[in-house]
Amino acid sequence: MNIGQRTGDSFYGTWEQVYELELTNFEVKLMFEHMIRGWFASTASNYNGFIKALLTDDRKSMNAYMNRVALATFSYFDSGNQPSEESEPERFYHGFVLGLMVELRDKYMITSNRESGFGRYDVMLEPREPEDQAIILEFKVFDPEDEKTLEDTVRSALDQIEEKKYATTLVEKGISTERIRKYGFAFRGKRVLIG
C-alpha cells in the first residue's frame, strides 16, 4: 500500500519512506523470514576459524587453527605430554574444543560424554535442520606404548567411534550414516592432528 513519501533524519543520514508493506498471513511471513535469513547467512557468520573449517569439512584449516592456538596459547602444564590421570590432557583439549563450539548451539544440539552404542562419545553435534550433517568428535592423547605417530592416534580415535558404534543415537533419530561426519583428534603436548 502506498502511503506517500515521508522523510526523516537519523544517525545514519536522511531516509525516505515510500511504501509500507503488510504480509497476508503467517505462511508468507515465514517464507520472507527464511528468504531474508538466507541472504545474510553467509555474510553474518562470525564463527571462529575452527568452526568455519569444521562446517565445511576443511581438515587442513582445522589443523592449522588448532596447532596455531595450541602453540601460542597452551602451556605444557595444561596440554601434557602423555595420557595420565595427573595432567588429563584429553580433558583439557576436550573442554577447549567444546568451548569453541558454543556458538553453534543455534545450529546444533551439542552433547558431550553421553552414552551411545557401546560407550561414551566425546562430543556429538546433532543438526537442528535436516539438510545439515551430524558430527562426532573423539579425542585421544598420543600413547607411545601403543602408537608410533599422531596418525596412529587419529586412527585409534576413528576406530573407537566405529567399534563402539557412537553413531547409533543419530541413526535412531533418522540421520543416515552418509550424513554423519566423524573426526579423530590426536594430541601430543602442543601438537594436534585432526583426521
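Keep in mind that what you see is a predicted model, and the values were worked out from it rather than measured.

**Q** Just checking my understanding: could you explain the overall build of the chain for this structure?
**A** Per the secondary structure count, the chain includes seven helices and nine strands. For the chain, with 195 residues in total, the buried portion stands at 36%. If you sum the accessible surface of the chain, you get close to 12,500 Å²; carbon and sulfur atoms cover 52% of it.

**Q** Even after reading the chapter, I still don't get the sheet that holds strand β8 (residues 180–188), so can you show me in this structure?
**A** Two strands in a sheet stick together by hydrogen bonds in their backbones, pointing the same way (parallel) or opposite ways (antiparallel). Reading across from one edge, β3-β6-β7-β8-β9 is the order of the five strands in this open sheet, with mixed pairing throughout. Two strands in the sheet have a free side with no partner beyond their single neighbour: β3 (108–112) and β9 (191–194). Across the sheet, the mean angle from the axis of one strand to that of its neighbour is 15°, orientation sign disregarded. In the packing of helix α6 (residues 150–163) onto the sheet, the strands contacted are β7 (134–141), β8 and β9, and the crossing angle to β8 comes to about 140°.

**Q** Even after reading the chapter, I still don't get the pairing of β9, so can you show me in this structure?
**A** Walk down a regular strand and you will see the side chains alternate between the two sheet faces. Residues V192 and I194 of β9 are buried on one face, while the alternating residues R191 and L193, pointing to the opposite face, are not. Here β8 pairs with β9 via four bridges, running antiparallel. Within β9, the residue paired with F185 across the bridge is I194. Count of turn residues in the β8/β9 antiparallel hairpin: two residues, of which G189 carries a positive phi of about 60°.

**Q** Sorry, what's going on with the environment of Y65 here?
**A** Its place among the elements puts Y65 in helix α3 (residues 59–73). Taking the relative accessible area as the measure of exposure, Y65 reaches 15% and is therefore buried. When the C-alpha atoms of Y65 and A53 are compared, they prove to be 8.9 Å apart, with 12 residues separating the residues in sequence. Residues contacting Y65, with those up to four places away along its chain left out, are N48, G49, F50 and L100.

Reading the values: the criteria
Residues numbered from 1 in each chain as written. Predicted model: local features only at pLDDT ≥ 70, side-chain atom pairs only at ≥ 80, totals over all residues. Heavy atoms only, no water. Helix = DSSP H or I, 4+ residues; strand = E, 2+ residues; numbered from the N terminus. Buried < 20%, exposed > 50% of the residue type's maximum accessible area, 1.4 Å probe, protein only. Areas by Shrake-Rupley, 256 points an atom, 1.4 Å probe, with all protein chains shown as cover. Pairing = 2+ DSSP bridges. Axes fitted to C-alpha atoms, helices over the stretch in contact; angles between N-to-C directions. Contact = heavy atoms within 4.5 Å.

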